[in-house]
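# An overview of the molecular structure
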Amino acid sequence: DSNYLYRILRSVKNRFGSTAEIGIFEMLGSGLREVENPAVILISHRNESLSGVAIAATMVGIRPFLIDTQGLVSTAAYGVPQRSKTGFDVRLLNMLLAVLEKRAGFRLAAKDVFLNIAGGLKVIDPAIDLAVVSAVLSSNLDIAIPAGCSFSAEVGLTGEIRPVPHIDQRIAEAARLGFKRIFVSSYNHKISASASKGIEVITVGKIEELMRRLFGDEKER
């Protein structure tokens, strides 16, 4: 994409391996240079307290990434609420908003909701669900998520927090990048001690539990 400084290379066909892998390169005057630490471009404002920003621990093929998930909730200006997204499936966004409305009591039907995955990535990993929900809740309440938090879990229609595969790799990557806490599903039973070294693994089972852990007894909706 010529609108981005960085280039993402995906293989369409690979006779000797998976087509799920990607490479990230920086376009310089001398040509393409590999970006060895994608977190530099996929995570921004780590040290600022901004509402509507959540960090997702996701996987592309067998490669773990931590990416910025940015949500914005505002009063619908033109009567008909907008649902806009970049790098995320709009149908899945609508489903997650319905879960928040039904299971958590957040009145989002009359509000505009915008979602952006930073860096130009298109993410299809279900593990990003928890970060999307957290970013939307944070923006709606206008309360920043505590610094050093990351998220990796799927959200079901009943509001349950579902486990995702390769959880050890996701946790280890978050710890490597200096994150202090990661929220995962309470149904992820097999988490190795080596992967969680240096990071607090917080398990949650329901959306309501996530809200309490992140925002306490905040009732404004």
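For the structure itself, consult the block above.
The paragraphs below set out a description of the structure included in this document. (Residues numbered from 1 in each chain as written. Predicted model: local features only at pLDDT ≥ 70, side-chain atom pairs only at ≥ 80, totals over all residues. Heavy atoms only, no water.)

Turning our eyes to something else, we now look at the overall build of the protein. Looking only at helices and strands, one finds five helices and 12 strands in the protein. Its C-alpha radius of gyration of 17 Å places the protein within 12% of the 17 Å reference for a compact globule of 221 residues. In terms of overall dimensions, the protein has a C-alpha envelope of 50 × 45 × 35 Å along the principal axes. Counting the 221 residues in the protein, one finds 43% classified as buried. When contacts within the protein are restricted to residue pairs at least 6 apart in sequence, those whose partners lie at least 24 apart make up 66%. A total accessible area of about 11600 Å² is found for the protein, and carbon and sulfur atoms account for 52% of it. The average position of the 27 basic charges and that of the 23 acidic charges among the side chains of the protein differ by 4 Å. (Helix = DSSP H or I, 4+ residues; strand = E, 2+ residues; numbered from the N terminus. Rg over C-alpha atoms; globule rule 2.2 N^0.38 Å. Buried < 20%, exposed > 50% of the residue type's maximum accessible area, 1.4 Å probe, protein only. Contact = heavy atoms within 4.5 Å. Areas by Shrake-Rupley, 256 points an atom, 1.4 Å probe, with all protein chains shown as cover. Lys, Arg positive; Asp, Glu negative; His and termini not counted. Charge placed at Lys NZ, Arg CZ, Asp CG, Glu CD.)

Inspection of every chain in the model, using the stated rule, returns five salt bridges. Between R91 and D89 there is a salt bridge, with the nearest N and O atoms lying 3.4 Å from each other. (Salt bridge = Lys/Arg side-chain N within 4 Å of Asp/Glu carboxyl O.)

We now examine the sheet that holds strand β3 (residues 31-34). Here we have three strands laid out as an open sheet, ordered β1-β2-β3, and antiparallel in their pairing. Of all strands in the sheet, those with a lone pairing partner are β1 (6-10) and β3, marking the two edges. The mean angle between the axes of side-by-side strands here comes to 40°, regardless of whether they run parallel or antiparallel. As defined by bridge partners, β1 adjoins strand β2 (residues 22-28) across five bridges and the pair is classed as antiparallel. Paired with R10 across the two strands is I22, which belongs to β2. (Pairing = 2+ DSSP bridges. Axes fitted to C-alpha atoms, helices over the stretch in contact; angles between N-to-C directions.)

A general feature of soluble globular proteins is that nonpolar side chains tend to end up buried together. The biggest cluster of nonpolar side chains holds 46 residues, and the ones touching the most others in it are F151, F183 and I207. Broken down by element, the residue count for this core peaks at eight residues, all from helix α3 (residues 129-141). In contact with F183, not counting residues within four places along its chain, are L130, C149, S150, F151, S152, I202, V204, L210, R213 and L214. Within the second largest apolar cluster, 14 residues are counted, among which are L66, A127, V164 and F179. (Core = buried A, V, L, I, M, F, W, Y, C linked by side-chain atoms within 4.5 Å.)

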